[in-house]
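Given next are the chains, with one letter for each unit.
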Amino acid sequence: MQPSPAIKASKLARRFTYLSTYGGGGGGGTTPVANRRAAEQSCLASLGLCDAVPKLVQAHARIIKCGLGSNPLVLTKFASVSSDLDAVDLACSFVFAPDADARLYDAFLFNTVVRACAQSKRREALGFYRLMLRSGISPNKFTYPFVLKACAGIGDLRLGRAVHCSVVKFGFDEDVHVQNTMVHMYSCCGGGGIEFARKVFDGMTKLDSVSWSAMIGGYVRLGESGDAIALFRKMQIAGVKPDEITMVLVLSACADLGALELGRWVESYVVRENVRKTVELCNALIDMFAKCGDVDSALRLFRSMSNKTIVSWTSVIGGLAVHGRGMEAVSLFDEMMAAGVVPDDVAFIGLLSACSHSGLVEKGRDYFSLMTKRFGIKPKIEHYGCLVDLLCRAGLIQKAIEFVEKMPLEPNPVIWRTLINACRAHGELKLGEDITKRLIGKEPMHESNYVLLSNIYAKMSHWEKKTKIREVMDTKGMRKIPGSTLIELENEIYEFVAGDKSHDQYKEIYEMLDEMGREIKKAGYLPSTSEVLLDINEEDKEDALNRHSEKLAIAFALLRTPPGTSIRIVKNLRVCEDCHSATKFISRIYDREIVVRDRNRFHHFKDGICSCGDFW
DNA sequence: GTAGGGTTAG
């Protein structure tokens, strides 16, 4: 014989311990009907007021006392007011107690529980959904949005497809809420989920702003920001008015691409079209400004906000950090604490990275201990990473190595690469070589490790060894990620790769490049040919250096923008030593501020100086 | 009682 749904449910809820803790699990059941109804009313009323665990526990005790333990109305209410994680545990353990009357379960009850689990990202959501089906309760139109949301949290494509089949089976595949969540669910699944999302999206007859946002959000999550923006343009052509959530997503794509002009357009659109300026939208604007190189606008917006969350503070502190404005970041952090906002682990990552990018060694150490001692935050690998970087940038390589050896967490490749890069920059070449070789042993298919080793050999002038690395990579079938640079001009985004000749104006760009080369040489620039990247023909190093994507983008910008205006470019990898040095000269000779965002941080070049202080 | 969203070391 099959166990009853209540028994199955209680098994499902067995992880939830509150029931036994608080001595619940059944009621007297002897209350007369009139009293019972009064009790039910009063319990419902009291439940309506609470959502925190202590209050729920109180309410729970009252319900048990009144013998209402199996009343679905009370059960459902109980589950639906439970908003935090512990409260969901409590509600589930109560609703699915072994003695609960499973005959009283209905779709509403299951929907409520599935929603609660999905919202708190618990896999049990799917368990409860399956139980619902096994108990013979048919899903209603509210069920699938909750179930699909739970699937989105899990991100498993096979599971998603199975649920999709059920959606079709029960005939909810025409419901726009279900379709929208389906797009979202698929776009959260790896392994080509985005294509399934697009299929659902393309098959929809009616697309509202939620549908567009769900699809745009999918591209943003994948890092396909160009596709996200292209889709946003289609949305406008389709005449669907974007709302604040669409704008958050578009801003996130702008931040990724460094598309400042488009980001600024979003800000003006929000004002012009009266889009709700929520905290989340403001936070997205702050992040966009900071990541597009205009950290002052990020600060201005931050100052204008009346409601700030920890995310607002963290975004602006992190923004200052990557721009090398460490002291300002530190004082904002202090201001935040003075304002009574309790920093979390993410806020400390921003702060510690600010200290390291600005060489504030002592401050960084102090804040690290403040984090653990006063705020009781257990440092994650990222925090240790910041501290290693902090020591490395200050040239304290030995101290950094000691720190790594004493760390309670296993150092990850990021930390090793931080050390290796510092070894290269501070001339500890033998040590760098040893660490890199060990790292390659652990991560033999990670191409950037080989590039690091190759750069070290170049610095040591070990040319044969350097060539050998190229061969090793070839035999392993590895390719170096090509460097590319983005630049936004007149609302268009242009991309350059090394030696690029695909642009319409390429002849003029190369003439400009030659002129730039002549001018900076006259001013004393010496090409640092030792850094020529791995996949470039060795025979003409200087020429190869001259064709790096960032130089092409700068030449293009000099041609196309008025004298005296700033130039902003975004590079996908770290800027190489030669380009860094050349850009300093260019900023002086052409009297331009050049803002370069690379993989890790911003470089502001002005009057021949870079804000990074030549360590990056 | 339904869907889409913001910060995270190098």
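Here the structure is a predicted model, which is why all the values come from computation and not from measurement.

Caption draft 1: Just the pairing of strand β4 (residues 594–597), in detail. Judged by which residues are buried, β4 turns out to be covered on both faces: I594 and V596 on one side and V595 and R597 on the other are all buried. Between β4 and strand β5 (residues 602–606), which pair antiparallel and follow one another directly, the connecting turn spans four residues.

Caption draft 2: Representation of the UniProt feature "repeat: PPR" (unreviewed entry) in chain A within the structure. The sites that UniProt annotates as "repeat: PPR" (unreviewed entry) are residues 106–139, 208–242, 278–308 and 309–343. In residues 106–139, the share of helix is 71% and the share of strand is 0%. The end C-alpha atoms are 9 Å apart.

Caption draft 3: How the structure looks around the sheet that holds β4. Taken in spatial order, the six strands make up an open sheet running β2-β1-β3-β4-β5-β6, and their pairing is mixed. Both edges of this open sheet fall to β2 (492–497) and β6 (609–610), since each of them pairs with a single strand only. Inspection of the sheet shows strand β3 (residues 567–571) paired to β4 by four bridges, in the parallel sense. If you follow V570 over to β4, its bridge partner there is R597. Of the strands in this sheet, β1 (484–489), β2, β3 and β4 are in contact with helix α31 (residues 549–560), which crosses β1 at around 15°.

Caption draft 4: Structural detail: the pattern of salt bridges. Throughout the structure, instances matching the rule amount to 24 salt bridges. The salt bridge involving E328 is made with R325; its shortest N-O contact spans 2.8 Å. For E328, a relative accessible area of 32% translates into the label partly exposed. R393 is the salt-bridge partner of D389, the closest N and O atoms lying 2.7 Å from each other. One end of the pair is D389 and the other is R393, both in helix α23 (residues 381–393) and four residues apart, which spans about a single turn. Assigned by exposure class, D389 and R393 land together as buried.

Caption draft 5: Broad picture of the environment of R276. Looking at the secondary structure, you find R276 in the loop between α16 (260–272) and α17 (279–291). A relative accessible area of 55% means that R276 is categorised as exposed. Spatially, the C-alpha atom of R276 lies 9.3 Å from that of I245, the residues being 31 residues apart in sequence. With sequence-adjacent residues up to four places away left out, R276 is seen in contact with E244 and L281.

Caption draft 6: Spotlight on the protein's contact with DNA strand B. Taken together, 52 residues are adjacent to DNA strand B, and N111, H177, N180, N283 and V414 come closest. Here a phosphate oxygen of DNA strand B sits 3.3 Å away from a polar atom, N or O, in the side chain of K291. Contacts to DNA strand B include S315, whose side-chain N or O atom sits 3.4 Å from a sugar or linking oxygen. Of the residues assigned to the surface near DNA strand B, the class counts are 18 nonpolar, 21 polar and 13 charged.

Caption draft 7: Up close: the packing of aromatic side chains. By the definition in use, this model includes 18 aromatic pairs. Geometrically, the ring pair formed by Y384 and F403 is tilted, given 6.0 Å between the ring centres and 45° between the ring planes. Taken together, the positions of Y384 in helix α23 and F403 in helix α24 (residues 397–406) put the pair 19 residues apart, joining distant regions of the chain. You can call Y384 buried: its relative accessible area is 8%. Between Y506 and Y510 the ring centres are 6.3 Å apart and the planes differ by 80°, which places this aromatic pair in the edge-to-face class. Taken together, the residues span about one helical turn, with Y506 and Y510 both in helix α29 (residues 506–522) at a distance of four residues. The class for Y506 is partly exposed, based on a relative accessible area of 29%. Taken together, the aromatic side chains of F333, F348, Y367 and F375 make up a single cluster linked through ring pairs. The residue whose ring lies beneath K308 is F302, and the NZ or CZ to ring-centre distance is 5.0 Å. Here the guanidinium or amino end of R438 rests over the ring plane of W416, the centre of that ring lying 5.5 Å away.

Caption draft 8: Quick peek at the state of the cysteines. Following the criterion strictly, the structure yields zero disulfides and no others. We note that C189 lacks a disulfide partner, and the nearest cysteine sulfur, in C188, lies 6.9 Å from it. With no disulfide of its own, C386 lies 9.0 Å from the sulfur of C355, the closest cysteine sulfur. We classify C386 as buried; its relative accessible area is 9%.

Caption draft 9: Looking closely at the nonpolar core. Counting 138 residues, the largest nonpolar core has Y144, V163, M288, F333 and L419 as the members making the most contacts within it. Ignoring anything within four residues of it in the chain, the contact list for V163 reads L126, Y144, V147, L148 and C151. Formed by 29 residues, the second largest nonpolar core is a distinct cluster that contains I509, M516, L558 and C610.

Caption draft 10: Representation of the side chain of H323. Relative to the elements of secondary structure, H323 occurs in the loop between α19 (310–322) and α20 (326–338). A distance of 2.7 Å separates polar atoms of two side chains, one belonging to H323 and the other to H604. Setting aside residues no more than four positions away along its own chain, H323 makes contact with A290, G293, V295, R601, F602, H604 and S611.

Caption draft 11: Region of interest: the packing of α24 against helix α25 (residues 413–425). Two elements in contact, α24 and α25, have axes separated by 11 Å at closest approach and are oriented at 165°. Taken as axis vectors, α24 and α25 run roughly antiparallel relative to one another. Note on packing geometry: the crossing formed by α24 with α25 is left-handed. Along the contact surface, α24 presents I397, A400, I401 and V404, while α25 presents I415, W416, L419, A422 and C423. Across the contact of α24 with α25, the residue classes break down as nine nonpolar, no polar and no charged.

Caption draft 12: Structural detail: the packing of helix α12 (residues 193–203) against helix α13 (residues 209–222). In contact at an axis separation of 11 Å, α12 and α13 are set at 165° when each is read in the N-to-C sense. Judged by the angle between their axes, α12 and α13 are roughly antiparallel. The two elements α12 and α13 meet at a crossing, and its hand is left-handed. On α13, the residues that touch I194, A197, R198 and F201 of α12 are S211, W212, M215, G218, Y219 and L222.

Caption draft 13: Expanded view of the side chain of N449. Following the sequence through the fold, N449 ends up in helix α27 (residues 447–460). Once you skip the residues sitting within four places of it in the chain, N449 turns out to touch R417, T436, L439, I440 and E443.

Caption draft 14: Geometry of the pairing of β2. Where β1 meets β2, six bridges bridge the pair, whose relative direction is antiparallel. Looking across to β2, one finds that L489 is bridged to E492. Where β1 folds back on β2, the antiparallel hairpin that results is connected by two residues, among which E490 adopts a positive phi of roughly 45°.

Calculation rules
Throughout, residues of each chain are indexed from 1 in the direction in which the sequence is written. Here every chain gets a letter starting at A, and every ligand a number starting at 1, in the order they are written. Thresholds applied to this predicted model are a pLDDT of at least 70 for local features of residues and 80 or more for the giving and counting of side-chain atom pairs; totals over whole chains, interfaces and linings are not thresholded and use all residues. Neither water nor hydrogens contribute to the side-chain values; these are computed over all heavy atoms in the structure. Accessibility here uses a 1.4 Å probe with only protein chains present; expressed as a share of the type maximum, an area under 20% marks a residue as buried, one over 50% as exposed, and anything in between as partly exposed. Numbering of helices and strands starts at the N terminus; helices are DSSP runs of H or I of at least 4 residues and strands are runs of E of at least 2. Two strands make a pair as long as DSSP finds a minimum of two bridges between them. UniProt positions are given in the numbering used here, feature names are shortened, and annotations may be inferred rather than shown by experiment. By definition in these notes, contact holds between two residues if any of their heavy atoms fall within 4.5 Å. Interaxial angles span 0 to 180 degrees and are taken between N-to-C directions of axes, which are lines fitted to C-alpha atoms, for helices over the stretch in contact. When a carboxyl oxygen of Asp or Glu lies within 4 Å of a side-chain nitrogen of Lys or Arg, that pair is called a salt bridge. Any residue with a heavy atom positioned within 4 Å of a molecule or strand is treated as near that molecule or strand. The definition of a polar contact used here is a pair of N or O atoms within 3.5 Å, where within protein one atom must be able to donate a hydrogen and the other to accept one, and adjacent residues in sequence count solely through side-chain atom pairs. Three residue categories are used. Nonpolar comprises Ala, Val, Leu, Ile, Met, Phe, Trp, Tyr, Cys and Pro, charged comprises Asp, Glu, Lys and Arg, and polar comprises the others, including Gly. Stacked, edge-to-face and tilted are the three classes for Phe, Tyr and Trp ring pairs, Trp counted by its six-membered ring, which pair at centre distances within 6.5 Å; planes under 30 degrees apart are stacked, over 60 edge-to-face, the rest tilted. Distance and angle both matter: a charge sits over a ring if NZ of Lys or CZ of Arg is within 6 Å of the ring centre and within 35 degrees of the ring normal. For this text, the term disulfide refers to a pair of cysteine sulfurs within 2.5 Å. Residues belong to a common nonpolar core when they are buried Ala, Val, Leu, Ile, Met, Phe, Trp, Tyr or Cys residues joined through side-chain atoms within 4.5 Å. Any angle that falls under 35 degrees is termed roughly parallel, while one over 145 is termed roughly antiparallel, one within 65 to 115 roughly perpendicular, and all others oblique. For any pair of crossing helices, the crossing counts as left-handed if the nearer helix is rotated counterclockwise from the farther one by less than a right angle, and right-handed if it is rotated clockwise.

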